[in-house]
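Read off the chains here:
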Amino acid sequence: MATLSLPCKHSLPSLLSPNNPKVQSSQASLQLPKSSRSQFHGLRISPLPSLAPSSSSVKSSIFAKVNKGQVPPSFTLKDQDGKPVNLSKFKGKPVVVYFYPADETPGCTKQACAFRDSYEKFKKAGAEVVGISGDDSSSHKAFAKKYRLPFTLLSDEGNKVRKEWGVPADLFGTLPGRQTYVLDKKGVVQLIYNNQFQPEKHIDETLKLLQSL
Amino acid sequence: MSVLPQRGLLFSASASATGPKPTAPWRVRCLAVTTTRAPPASRPKPLSEAATTTSMPSTAPSFLDDPSSLKSTWSHRAWVACGCTTVFASLAKSALLAAESHSLPGPVLAGWVGYILADLGSGVYHWGIDNYGDASTPVVGAQIEAFQGHHRWPWTITRREFANNLHALARAVAFLVLPVDLLCDDAKVLGFVALFSGCIMFSQQFHAWAHGTKSRLPGAVVALQEAGILVSRAQHAAHHRTPYNNNYCIVSGAWNAFLDENKVFEALEMALFFRFGLRPRSWDEPSSEWTEDLIATASTRVDT
């Protein structure tokens, strides 16, 4: 069957280009190491040597607000049962905090189910999994019940925490980004993984890191 | 544009009541749903499965009670004639102008681009119609209703006569291409318009052929399908199978792999959802109106 032969992927519209680091939103595009891939097909953000956590660089304050090696700002959000949950509750064990666009959307469902399917592995690594989106507690409750999610979903109404942590949006700001953070036992970020349209990869990447912690 | 309520009417969780089972088979919405391309030989869903996914009893489509609704009328033929005339006029004018200026490659290339983009256009339109709106939507409501009927009884498109199948597209093409024919004197533009509009107009015929069986199609059509010049039967069959969110293009199908693998439509759906709150039908289990009536399909196989 004849297939469409398109020009080199680098010349495609940037939002679909898998290997063009410039596809990253302005938040980090100038800061990415050359080995980084696009935010649509997997992006590991590692700080450049010149951007140490204690750096007072203007760029780091404008772009990724939470970087690897930093302790992210704490928050208190309601879980699917309406109970307030503070991030410090998880101190002492690794925690996977994954920001996702919305409940009951295809990618987010795949991602949640993938976390659920691998939950035993996360437990074995001593880690907790926490999902965060802008949906309210009742939406989270229905979502968790429908797909039998064993982990906590937090309601970031108004996307305040998302903005504080600097989770980049996709599609020119139309879409809340899909970004996962792995915090170690001390609450320090050890991995930031961004991939909007390959949600299952978040599980692979985070497990890979947890097994090395 | 109104949106049908899309919450899964017939969804049933596959995990047991005893708790999450990592190894349990998942419904399409739960686990990684890979869009399918050129799948293995299609098989109809078992009737037991059809019974669980189709809440409505099997009913033959109303137009089978009135077979004349599948036949071509003189009005249909007239519109197809108009559409064809404008397309051929565009092609002829392009050829004449190219000959006069001794520059054939440009218009030929433009024509090829028109053919390629017609496939993309057919996919975008098809995706929009399949996912948004309903029969009451202005302008395209009748189209949406027709596509809904097509999803319920896919085989009926093979029973429509030629002009009956094409007349709606031919009418649109006639109105849009005529001004170009009259006002444009650029061979490349005319070449592009001829191929683009011609392929769009005939896409319903290509679509009907994609629902045909190899033994009943002309050899030339089968050869074109197998060469990828026309959308293949296997590729289009994948569109009519769960999760019903792929293989939307129906001219050559050349764009399907790219669009599905890069989740272009999923990206558009997410953008529309977050920007306008529009939830596409493909995100939920299809309602009964959009689910294939397998009992009717099976009975037509018996009849034929």
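Everything numeric in this text was worked out from a predicted model, so none of it was measured. (Residues numbered from 1 in each chain as written. Chains lettered and ligands numbered in written order. Predicted model: local features only at pLDDT ≥ 70, side-chain atom pairs only at ≥ 80, totals over all residues. Heavy atoms only, no water.)

Novice: Describe the overall build of chain A, with residues and values.
Specialist: The number of helices and strands found in chain A is six helices and eight strands. Counting from the amino terminus, chain A carries its helices and strands in the arrangement β-α-β-β-β-α-α-β-α-β-α-β-β-α. Put simply, 61% of the contacts in chain A that link residues at least 6 apart link residues at least 24 apart. Summed over its atoms, the accessible surface of chain A is roughly 9400 Å², and 54% of this surface lies on carbon and sulfur atoms. (Helix = DSSP H or I, 4+ residues; strand = E, 2+ residues; numbered from the N terminus. Contact = heavy atoms within 4.5 Å. Areas by Shrake-Rupley, 256 points an atom, 1.4 Å probe, with all protein chains shown as cover.)

Novice: With reference to specific residues and values, describe the nonpolar core.
Specialist: All names here are of chain A. Of all hydrophobic cores here, the largest spans 24 residues; its most connected members are Tyr-98, Phe-115, Phe-122, Val-129, Leu-149, Phe-151 and Leu-153. Within the residue set of this core, elements represented by two or more residues are β4 (95-99), α2 (106-117), α3 (119-124), α4 (137-146) and α6 (200-210). Apart from residues no more than four positions distant in its own chain, Tyr-98 is found in contact with Gln-111, Ala-112, Phe-115, Val-129, Val-130, Gly-131, Ile-132, Phe-151, Leu-153, Gln-179 and Thr-180. One finds Val-66, Val-97, Val-167 and Ile-192 within the second-largest nonpolar core, a separate group that totals 19 residues. (Core = buried A, V, L, I, M, F, W, Y, C linked by side-chain atoms within 4.5 Å. Buried < 20%, exposed > 50% of the residue type's maximum accessible area, 1.4 Å probe, protein only.)

Novice: Quick rundown of a nonpolar patch on the surface? Include the residues and the values.
Specialist: Residues and elements named next belong to chain B. Residues Leu-178, Leu-182 and Leu-183 make up a contiguous nonpolar surface patch of roughly 350 Å² in combined accessible area. Note that Leu-178 resides in helix α6 (residues 162-183). The class of Leu-178 is partly exposed, set by a relative accessible area of 42%. (Patch = residues over 30% accessible without salt bridge, like charges linked within 9 Å, V, L, I, M, F, W, Y side chains within 5 Å. Salt bridge = Lys/Arg side-chain N within 4 Å of Asp/Glu carboxyl O.)

Novice: Would you mind going over the packing of helix α3 (residues 74-101) of chain B against α6 of chain B in detail, with residue names and values included?
Specialist: Residue and element names in this part refer to chain B. Contact geometry for α3 and α6: axes closest at 6 Å, N-to-C directions at 40°. Taken as axis vectors, α3 and α6 run oblique relative to one another. The hand of the α3/α6 crossing is left-handed. (Axes fitted to C-alpha atoms, helices over the stretch in contact; angles between N-to-C directions. Parallel < 35°, antiparallel > 145°, perpendicular 65-115°, else oblique. Left-handed = near helix turned anticlockwise from the far one by under 90°.)

The quantities given are spatial measurements derived from coordinates; they are silent on function.
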